[in-house]
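Analysis of the macromolecular model
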Amino acid sequence: QWYQRRVRGPPADVIEQLRAYENIKIKHVIMLLKCRAEGPLKDKEALSLLNIHAHGSDPDANIKLHLILQPTEMIISRYSCSRDGNSGEIYITSKYFCFDLPIAAHASQAKDENETKVVIPLTNIKAIRYRRHYFVIPALEIEVIQPEEGDPKTYLFTGFLDRVPVFTDIVNQAKLNGHENVVVEQ
C-alpha cells in the first residue's frame, strides 16, 4: 500500500494547497512590482514585467531576437529618433542601449549591418551629452568605450520629440547597472 500511495502522488488537497500557495506568492510579487512601478522612482523595469504578466507573453520577443538580446532582457523604454539621417528607434533595456532602423529601411538606407543596428552595453557608455546638431536641432551625443578597439566612438542621435526622458532613462539604467562614473553633461 505504501508503494501504491507513493506512485499515485500526493493527495488532491495537498496539491490544491500548493497551488493556492503559489498563487499567493505570485500575487505578492505582482503587488511588489506595482509598488516599484508606481513609486517615487517610477521603476520602468517593474512596469515592463507587469506588462508581460498582463499579456501572458513578451510583446517585445521579436525585437529582442532581432537585436540578438537575451530573452530575459527587459525593454524598459523606446523612442523614435534619427542617426546619420536614418530614422529608427532607440531601445533602452535593463543592460543595453540599442538603436535599430525599421526592417523596411534596412535594404534601402543602410550599406551594412553596422549601420542598421547598434547594441551597446550600458557599462561601456563613457559620456552622454546634450548637443545641438547644426546649431539648431536638439540632439544627444553618446560616447562609448569600445574594449576591442580602445578608442572611444561617438554616436549622435537627433529627431527626438523630447530628448530629456531619453537622457534620464539612459543615465538611470547605467547607474542601476553599477556604472556610476558615466560623464553627464547637460
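None of the values given here were measured: they were computed from a predicted structure. (Residues numbered from 1 in each chain as written. Predicted model: local features only at pLDDT ≥ 70, side-chain atom pairs only at ≥ 80, totals over all residues. Heavy atoms only, no water.)

Within the secondary structure, R163 is located in helix α7 (residues 163-176). Although R163 is buried, it makes no salt bridge; D162 carries the closest opposite charge, 6.5 Å away. Sequence-distant contacts of R163, defined by excluding residues within four places in its chain, comprise Y130, R131, R132, P138, A139 and L140. (Helix = DSSP H or I, 4+ residues; strand = E, 2+ residues; numbered from the N terminus. Buried < 20%, exposed > 50% of the residue type's maximum accessible area, 1.4 Å probe, protein only. Lys, Arg positive; Asp, Glu negative; His and termini not counted. Salt bridge = Lys/Arg side-chain N within 4 Å of Asp/Glu carboxyl O. Contact = heavy atoms within 4.5 Å.)

The biggest cluster of nonpolar side chains holds 25 residues, and the ones touching the most others in it are I90, F97, I125, I142, F157 and I170. Setting aside residues up to four positions removed in sequence, F97 forms contacts with I90, Y91, I92, V118, V119, I120, L122, I125, I142, F157 and I170. Residues I63, L69, Y91 and C98 belong to the second largest nonpolar core, which totals six residues. (Core = buried A, V, L, I, M, F, W, Y, C linked by side-chain atoms within 4.5 Å.)

In a beta sheet, neighbouring strands are held together by backbone hydrogen bonds and run either parallel or antiparallel to one another. The eight strands lie next to each other as β4-β3-β2-β1-β7-β6-β5-β8, forming an open sheet whose pairing is mixed. Here the strands that pair on one side only, and so sit at the sheet edges, are β4 (117-121) and β8 (183-185). Going across the sheet, the axis of each strand differs from the next one's by a mean of 25°, ignoring polarity. Note: strand β3 (residues 96-100) against β4, five bridges, orientation antiparallel. Directly across from D100, in β4, lies its bridge partner K117. (Pairing = 2+ DSSP bridges. Axes fitted to C-alpha atoms, helices over the stretch in contact; angles between N-to-C directions.)

This paragraph deals with the packing of aromatic side chains. Scanning all chains against the criterion turns up four aromatic pairs. Arranged with centres 5.5 Å apart and planes meeting at 50°, the rings of F99 and F157 form a pair that is tilted. Here the residue F99 occupies a position in strand β3, and F157 occupies one in strand β7 (residues 152-158), the gap between them amounting to 58 residues. For the pair formed by F99 and F157, the shared burial category is buried. Summarising the aromatic geometry, the rings of Y130 and F167 are spaced 4.4 Å apart at their centres and angled 20° between planes, so their arrangement reads as stacked. (Phe/Tyr/Trp six-rings, centres within 6.5 Å; stacked < 30°, edge-to-face > 60°.)

For the rest of this paragraph, the subject is the confidence of the model for the protein. Put simply, the protein has an average pLDDT of 77, and 80% of its residues get 70 or more. Of all the helices and strands in the protein, helix α1 (residues 2-8) carries the lowest mean pLDDT, 50, while β3 carries the highest, 90. (pLDDT = per-residue confidence, 0-100.)

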